[in-house]
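Structural overview
Here is what each chain is made of, one letter per residue.
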Amino acid sequence: MRDLADSVESMEQLAAVWRTMVLDRAPDADVRDLPGIAVRWADSRFAFWNCVTLTGVGTGADLTERRLKEAAEIMRAKSRPGFLWVFDDLLDDEARATLDTAADEAGLAYAFPGTGMAADLLPVPEPHHPDLTFVRVTTEDHLQAYADINSRAYGFPVEDGRDGLAGSALWKHGVHAYLAVCDATPVACAATVEEQGRLFVLLVATDPDWQRRGYGEAVTRKALYEGASATGATRATLHATAAGAPVYPRIGFRPNSPMRFYGLAQ
């Protein structure tokens, strides 16, 4: 049985961290907190910085239906596409059972699944991998490499990924972002950032040509190790895609709420 408090923590970490990320990308970003809905929308070409999430706890089917329609209207008013993030465990049983139907009626299309995860695991040992060196992101070239790995891993146009990170002082100085480098080639990346006394893991990716070699896990351990060393945090949270979900339990993370991502229907 999952602890609802962990699912609430997962949602609250998203709302807090994404506020920081989208304001870094666009100081005039839409970061409203509405009843039951958090808007974190930079209107960036990088779709992950355009986010709406449902924030109510124990929300019933009727209210969920209304909030899905409100979220879809917010998304339609934007110039760039993004995602609605829904944490299943924050809905009641009826709302979960009817969620996809209600989303469809609101004009939303299911995009992909995710899983909230958390761990009391820090500090982790300093990681090593025989193939890799780890480089902290501190320059524009590093940021571009980080963005390009994410674009290739998640199927975004390269220019869209670069739009999400180019010129960011936060990512060069405030985020513990690392590249895994193999034979002078950046092959994987991971980052942690401190929020509310926890480390949040974000934008973990491995270049598709270099997957299934443990590189993503190794660089995630590096970002956790360095983030914990710098901040003293001992708890970490993250949101895993289906591709990444098998990796994180090996580090010590436990799943909490299943997640569903929706975009606007075409």
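Report follows, based on the coordinates.

Quick notes on the overall build of the protein chain
- Across its full length, the protein chain carries 9 helices and 11 strands.
- The C-alpha atoms of the protein chain give a radius of gyration of 18 Å, which matches the 18 Å a tight globule of 266 residues would have.
- Dimensions of the protein chain along its principal axes, counting C-alpha atoms only, are 55 × 40 × 30 Å.
- Buried positions account for 55% of the 266 residues belonging to the protein chain.
- Residue pairs at least 24 apart in sequence account for 75% of intrachain contacts in the protein chain once pairs closer than 6 positions are excluded.
- As displayed, the protein chain offers around 11400 Å² of accessible surface, 49% of which is attributable to carbon and sulfur atoms.
- Taken together, the 26 basic and 37 acidic charged side chains of the protein chain have centroids lying 1 Å from each other.

Concerning the side chain of aspartate 207
- Summarising the element assignment, aspartate 207 is placed in the loop between β9 (198-206) and α8 (215-231).
- In this structure the side chain of aspartate 207 is engaged in a polar contact, spanning 2.5 Å, whose partner is the side chain of arginine 152.
- When sequence neighbours within four positions are dropped, the list of residues in contact with aspartate 207 reads Ile149, Arg152 and Val187.

As for the sheet that holds strand β2 (residues 37-41)
- Spatially, 11 strands are ordered β1-β2-β3-β4-β11-β5-β10-β9-β8-β7-β6 in an open sheet, and the strand pairing comes out mixed. One side of each edge strand has no neighbouring strand; the edge strands of this open sheet are β1 (33-34) and β6 (133-136).
- Packed on one face of the sheet, helix α1 (residues 4-25) meets β1, β2, β3 (50-54), β4 (83-87), β5 (108-120), β8 (185-195), β9, β10 (235-241) and β11 (254-264) and runs near 70° to β9.
- Most of the contacts of helix α5 (residues 140-154) go to β9, to which it runs at about 70°, and overall it touches β6, β7 (176-182), β8, β9 and β10.

Quick notes on the nonpolar core
- Core analysis: the largest hydrophobic core is formed by 42 residues, its most contacted members being Trp18, Trp49, Tyr146, Trp171 and Leu202.
- Among the secondary structure elements, those contributing two or more residues to this core are α1, β4, α5, β7, β8, β9 and β11.
- Sort the elements by how many residues they give to this core and α1 lands first, with 7 residues.
- Here tryptophan 18 is in contact with Gln13, Arg40, Phe48, Trp49, Cys51, Trp85, Phe200 and Leu202, once residues within four sequence places are set aside.
- Counting 28 residues, the second-largest nonpolar core is a separate cluster that includes Leu121, Val204, Tyr215 and Ala218.

Regarding the pairing of β4
- Burial analysis of β4 places 5 of its 5 residues in the buried class, which makes it a mostly covered element.
- With burial as the criterion, each face of β4 is covered, one bearing Phe83, Trp85 and Phe87 and the other bearing Leu84 and Val86.
- As judged from the 3 bridges shared by β3 and β4, these two strands associate in the parallel manner. Bridge pairing in β4 places threonine 53 opposite tryptophan 85.

Side note on α5
- If you check α5, its first and last C-alpha atoms are 21 Å apart, about what 15 residues at 1.5 Å a residue would give, namely 21 Å.
- Taken together, the buried positions of α5 are His142, Leu143, Ala145, Tyr146, Ala147, Asp148, Ile149, Asn150 and Ser151.
- Close packing links the buried residues of α5 with β6, α6 (158-165), α7 (169-173), β7, β8 and β9.
- After α5 finishes, the residue glycine 155 shows a positive phi value of roughly 80°.

A look at the side chain of asparagine 50
- Here asparagine 50 lies in strand β3.
- A polar side-chain atom of asparagine 50 sits 2.9 Å from the main-chain carbonyl oxygen of proline 81.

Some thoughts on the pattern of salt bridges
- Per the counting criterion, the structure on display carries 20 salt bridges.
- Here aspartate 120 and arginine 235 are joined by a salt bridge, their closest N and O atoms 2.8 Å apart. Linking aspartate 120 in strand β5 with arginine 235 in strand β10, this pair joins segments that are 115 residues apart in sequence.
- Overall, aspartate 120 belongs to the exposed group, its relative accessible area being 60%.
- With relative accessibility at 14%, the residue arginine 235 sits in the buried group.

About the criteria used
Residues numbered from 1 in each chain as written. Predicted model: local features only at pLDDT ≥ 70, side-chain atom pairs only at ≥ 80, totals over all residues. Heavy atoms only, no water. Helix = DSSP H or I, 4+ residues; strand = E, 2+ residues; numbered from the N terminus. Rg over C-alpha atoms; globule rule 2.2 N^0.38 Å. Buried < 20%, exposed > 50% of the residue type's maximum accessible area, 1.4 Å probe, protein only. Contact = heavy atoms within 4.5 Å. Areas by Shrake-Rupley, 256 points an atom, 1.4 Å probe, with all protein chains shown as cover. Lys, Arg positive; Asp, Glu negative; His and termini not counted. Charge placed at Lys NZ, Arg CZ, Asp CG, Glu CD. Polar contact = N/O pair within 3.5 Å; in protein donor to acceptor, adjacent residues only side chain to side chain. Pairing = 2+ DSSP bridges. Axes fitted to C-alpha atoms, helices over the stretch in contact; angles between N-to-C directions. Core = buried A, V, L, I, M, F, W, Y, C linked by side-chain atoms within 4.5 Å. Expected span 1.5 Å × (residues − 1). Salt bridge = Lys/Arg side-chain N within 4 Å of Asp/Glu carboxyl O.

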